[in-house]
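Next come the chains, spelled out residue by residue.
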Amino acid sequence: MLNAINLDDGLQLSQLVYGVWRLGDDDDTSITQVRAKIDLCLEQGITSFDHADIYGDYQCEALFGKALAQSPELRGQMQLISKCNIALTSARFPNRRVKHYDTSAQYITDSVEHSLVNLHTDHLDILMMHRPDPLMDAAQTGAALDALVDSGKVKAIGVSNFSRADWQLLQKHMSHKLQVNQIEISLLASECFRDGTLADLQTDQIQVMAWSPLAGGALFSTHPVARRLEPLFKSLCERFQCSADQIAIAWLLAHPANIIPVVGTNNLERIKTLSKASEIKLDRETWFELYSAAQGCEVP
Ligand SMILES: NC(=O)c1ccc[n+]([C@@H]2O[C@H](COP(=O)([O-])OP(=O)(O)OC[C@H]3O[C@@H](n4cnc5c(N)ncnc54)[C@H](OP(=O)(O)O)[C@@H]3O)[C@@H](O)[C@H]2O)c1
């Protein structure tokens, strides 16, 4: 069974989060199918759902929200995360000339209002700044984020893809603590173990979430890292009687920082199997076997 991860202020997230970035890519985007995914996640103990305003060209939140509008009782059983500050060029914004970031107070508060309407909810459990913005006015952004928490529209603030310098600058201008940083981590993207990011997050007591924990499926492709991992995955699958994607998730769950993988499968069966990955306990040597195979060399 999946554990809950406790953050400050009584906020809890599930040990695995379901990411909705690819929701609109499914062949079936009916409310029935979205509802089937939500129900299955909840049954498996995946209670946290990761959105962003931009997912599916600004469509995914509304797609998910239709299921919540139909069954409002679901809202109390889940935590909703959303993000903002990436401004995409899109037919929806014909006057936008270039993809850019916007962390102005107006942009953030407008974006949250849209997310609340789209998701048919009165609050987000976590709002994340999606990407560090080189033009961020930290005092203005921090005040806007604090105000959203104080208003009750957002329960907690997080960041995504932030370095320590980025989160410290924002935190310096906020009274509420930044609770989460969502960064890319997988066997194919493991820099955070070497560049200090994961250590910094633990030191600053910021919960880490891993986006694209299966490298968007590339771990099982013809990518050179995938080719190196394939024979090891095969033997571990036999040893643990499981699938390679479960091993890749178990590898993240084995880390003492309680990394929360944000999985993005559209496959109902895979939602079920991935949620069992927490039952696979990788020992230290197996963890390093996978790490070394992914790196293409043993550790120094
Ligand atoms: N903060 C950020 O900047 C950021 C960036 C990217 C993503 N995210 C978040 O992270 C979430 C997850 O990202 P993701 O979708 O890239 O995660 P992922 O879980 O690494 O990748 C999911 C993709 O991998 C495929 N896949 C999974 N297992 C497979 C297997 N055994 N063989 C072949 N293909 C397999 C899935 O296909 P099936 O559907 O067929 O299973 C799906 O297309 C997103 O939904 C979003 O919430 C955040």
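Summarised in this report is the structure supplied together with it. Since this is a predicted model, take the numbers as computed values, not measurements.

## Describing the layout of surface pockets
Here the largest pocket defines a volume of roughly 620 Å³. Lining the largest pocket are 28 residues, and of these Trp21, Arg22, Ser212, Gly216 and Gly264 sit closest to its centre. Contributing elements (two or more residues each) for the lining of the largest pocket: β10 (178-184), β12 (260-263) and α10 (268-274).

## Let's talk about the site of the ligand
In the neighbourhood of the ligand, 28 residues make up the surrounding shell, with Arg22, Asp50, Ser212, Leu214 and Thr265 lying closest. Taking Trp21, its main chain carries an N or O atom lying 3.0 Å from an oxygen atom of the ligand. Protein coverage of the free-state accessible area of the ligand, which is 920 Å², stands at 84%. Most atoms of the ligand, that is more than half of them, are within 2 Å of grid points of the largest pocket. Residue classes in the shell around the ligand are distributed as ten nonpolar, twelve polar and six charged.

## Some words on the pattern of salt bridges
The final tally for this structure, using the stated rule, is ten salt bridges. Across the pair Asp204 and Arg164 runs a salt bridge, and its minimum N-O distance is 2.7 Å. With Asp204 in the loop between α7 (197-203) and β11 (207-211) and Arg164 in helix α6 (residues 164-172), this pair connects stretches of sequence that are 40 residues apart. Notably, a salt bridge pairs Glu238 with Lys234, separated by 4.0 Å at the nearest N-O pair. Within this pair, Glu238 and its partner Lys234 are both found in helix α8 (residues 224-240), separated by four residues, close to a single helical turn. Among the charged side chains, a network of salt bridges with common partners joins Arg164, Asp200 and Asp204.

## Here we look at helix α1 (residues 31-44)
Since one α-helical turn is 3.6 residues long, residues separated by three or four positions face the same way. Look at α1: 20 Å from first C-alpha to last across 14 residues, which is about the 20 Å you get at 1.5 Å a residue. When we look at burial in α1, the residues that qualify are Gln33, Val34, Lys37, Ile38, Leu40, Cys41, Leu42 and Gln44. Residues of α1 that are buried sit in contact with β3 (17-19), β4 (48-50), α3 (60-70) and α10. Gly45 sits one or two residues past α1 and shows a positive phi near 90 degrees.

## Things to note about the nonpolar core
Ranked by size, the top nonpolar core spans 87 residues in total, and within it Phe64, Leu127 and Leu290 carry the most contacts. By residue number, the principal contributor to this core is helix α9 (residues 244-253), which donates eight residues. When sequence neighbours within four positions are dropped, the list of residues in contact with Leu127 reads Ser82, Lys83, Cys84, Ile108, Val112, Leu145, Leu148, Val154, Ala156, Ile157 and Gly158. Leu7, Leu11, Val17 and Val180 belong to the second-largest nonpolar core, a separate cluster that totals 13 residues.

## Thoughts on the packing of α1 against α3
Think of two packed helices as two axes; the pair is described by the angle between the axes and how far apart they sit. Where α1 meets α3, the axes come as close as 9 Å, and the angle between the chain directions of the two elements is 80 degrees. In terms of orientation, α1 and α3 fall into the roughly perpendicular class. From α1, Ile31, Val34 and Ile38 reach across to α3, where they touch Leu63, Phe64, Lys66, Ala67 and Gln70. Among the residues forming the contact of α1 with α3, the class breakdown is six nonpolar, one polar and one charged.

## Describing the side chain of Ser160
Residue placement: Ser160 occurs in strand β9 (residues 154-160). Only 3.2 Å separates the side chain of Ser160 from the side chain of Asn161, close enough to count as a polar contact. With residues near it in sequence (within four places) discarded, Ser160 still touches Met128, Met129, His130, Arg131, Pro132, Asn181, Gln182 and Trp211.

## Re α8
An ideal rise of 1.5 Å per residue puts 24 Å on 17 residues; α8 measures up with 24 Å between its terminal C-alpha atoms. Glu230 marks where α8 bends most, by close to 40 degrees; the proline Pro231 follows one to four residues later. Among the residues making up α8, those that are buried are Val225, Ala226, Leu229, Leu232, Phe233, Leu236 and Cys237. Phi for Gln241, located one or two positions after α8, is positive at around 55 degrees.

Calculation notes
Residues numbered from 1 in each chain as written. Predicted model: local features only at pLDDT ≥ 70, side-chain atom pairs only at ≥ 80, totals over all residues. Heavy atoms only, no water. 1 Å grid on protein atoms, 1.4 Å probe; cavity = no way out; pocket = protein on both sides within 12 Å on 5 of 7 lines; lining within 4 Å. Points joined across faces, edges and corners; volume = space filled by probe spheres on them. Helix = DSSP H or I, 4+ residues; strand = E, 2+ residues; numbered from the N terminus. Near = heavy atom within 4 Å. Polar contact = N/O pair within 3.5 Å; in protein donor to acceptor, adjacent residues only side chain to side chain. Areas by Shrake-Rupley, 256 points an atom, 1.4 Å probe, with all protein chains shown as cover. Sits in = over half its atoms within 2 Å of the grid points. Nonpolar A, V, L, I, M, F, W, Y, C, P; charged D, E, K, R; others polar. Salt bridge = Lys/Arg side-chain N within 4 Å of Asp/Glu carboxyl O. Expected span 1.5 Å × (residues − 1). Buried < 20%, exposed > 50% of the residue type's maximum accessible area, 1.4 Å probe, protein only. Contact = heavy atoms within 4.5 Å. Core = buried A, V, L, I, M, F, W, Y, C linked by side-chain atoms within 4.5 Å. Axes fitted to C-alpha atoms, helices over the stretch in contact; angles between N-to-C directions. Parallel < 35°, antiparallel > 145°, perpendicular 65-115°, else oblique. Bend = angle between axes of the 7 residues up to and from the residue.

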